[in-house]
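Next come the chains, spelled out residue by residue.
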Amino acid sequence: MSKTVPAALHHTCFLVRDLEGTAQRLSDALGIGPWNIWTITPAECRVHDQVSPFSFRVALATVGGGTFELVTPHSGRSVYDEHLEKYGEGFHHTCLVYPSLEAVREAKAELQRQGRDLVQEARGGDAFEFGYFRFPEIGSLVEVLYLDPTKLPAPEAVIRPSA
């Protein structure tokens, strides 16, 4: 059986407590931006294999061919809260994107067959699905993601470098 191969490295994620403030400071200091901001409330959520509704706020900025992601918890309890409590702000995960819902589900099933620890997963209809897997050999989580950007609403806010 061949493994499902990701389409690309999608983003690197950092957890923060002040999403807008951090995005503005990074934008001003590094010229990164614009930052598009959304509040994401998945239709289905599981944390440590238990149904656990949560939402989060996300800011995304394209840097060259990649994406920089900032995340902060919004409601409910998630691995974002756990990470901030245990480690504080900082690096959280790297994300691999898959070309279809079927492909990301195959990747999740294969990682579970390998015995990988699925710590959080969520779905938003046919717009997105993701799972975070623990990878102790690199000391972090890896997210597997399917995302159809055409099904996302317009950003709630956009942050640009200050003049």
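Please refer to the structure higher up on the page.
Cut-off values and rules
- Residues numbered from 1 in each chain as written.
- Predicted model: local features only at pLDDT ≥ 70, side-chain atom pairs only at ≥ 80, totals over all residues.
- Heavy atoms only, no water.
- Core = buried A, V, L, I, M, F, W, Y, C linked by side-chain atoms within 4.5 Å.
- Buried < 20%, exposed > 50% of the residue type's maximum accessible area, 1.4 Å probe, protein only.
- Helix = DSSP H or I, 4+ residues; strand = E, 2+ residues; numbered from the N terminus.
- Contact = heavy atoms within 4.5 Å.
- 1 Å grid on protein atoms, 1.4 Å probe; cavity = no way out; pocket = protein on both sides within 12 Å on 5 of 7 lines; lining within 4 Å.
- Points joined across faces, edges and corners; volume = space filled by probe spheres on them.
- Nonpolar A, V, L, I, M, F, W, Y, C, P; charged D, E, K, R; others polar.
- Pairing = 2+ DSSP bridges.
- Axes fitted to C-alpha atoms, helices over the stretch in contact; angles between N-to-C directions.

Explain the nonpolar core here, please?
Here is a general trend for soluble globular proteins: nonpolar side chains tend to be buried in one another's company. Grouped together as the largest cluster of nonpolar side chains are 24 residues, with contacts concentrated most on Phe 54, Phe 56, Val 58, Val 71, Tyr 80, Phe 130 and Tyr 132. If you tally residues by element for this core, the top one is strand β5 (residues 54-63), at four residues. Discounting chain neighbours no more than four positions away, the residues touching Val 58 are Leu 19, Asn 36, Ile 37, Trp 38, Ile 40, Glu 69, Leu 70 and Val 71. Formed by twelve residues, the second largest nonpolar core is a distinct cluster that contains Ala 103, Ala 107, Phe 135 and Val 144.

Would you mind going over empty space enclosed by the protein with me for this structure?
By rolling a water-sized probe across the atoms, one finds the places where empty space is left. Scanning the model with the defined rule gives one cavity of 30 Å³ or more in all. Space inside the largest cavity adds up to approximately 230 Å³. Lining the largest cavity are 17 residues, with Ile 40, Phe 56, Glu 69, Leu 145 and Leu 147 sitting closest to its centre. Taken together, the elements giving at least two residues each to the lining of the largest cavity come down to β1 (8-15), β2 (35-40), β5, β6 (66-76), β9 (128-135) and β10 (140-147). By residue class, the composition of the lining of the largest cavity is 13 nonpolar, two polar and two charged.

So what exactly am I meant to see when it comes to the sheet that holds strand β4 (residues 50-51) here?
Ordered in space as β4-β3-β8-β9-β10-β7-β1-β6-β5-β2-β11, the eleven strands form an open sheet in which the pairing is mixed. Either end of the sheet is taken by a strand with one partner, and the two such strands are β4 and β11 (157-159). Of the strand pairs in this sheet, β9 and β10 are connected by eight bridges, and their pairing is antiparallel. Bridging across to β10, Phe 130 finds its partner in Leu 145. Relative to β6, helix α1 (residues 19-30) is tilted by about 160°, and along the sheet it contacts β2, β5, β6 and β11. Sheet contacts for helix α3 (residues 101-113): β7 (90-98), β8 (118-124), β9 and β10; angle to β9, the most-contacted strand, approximately 25°.

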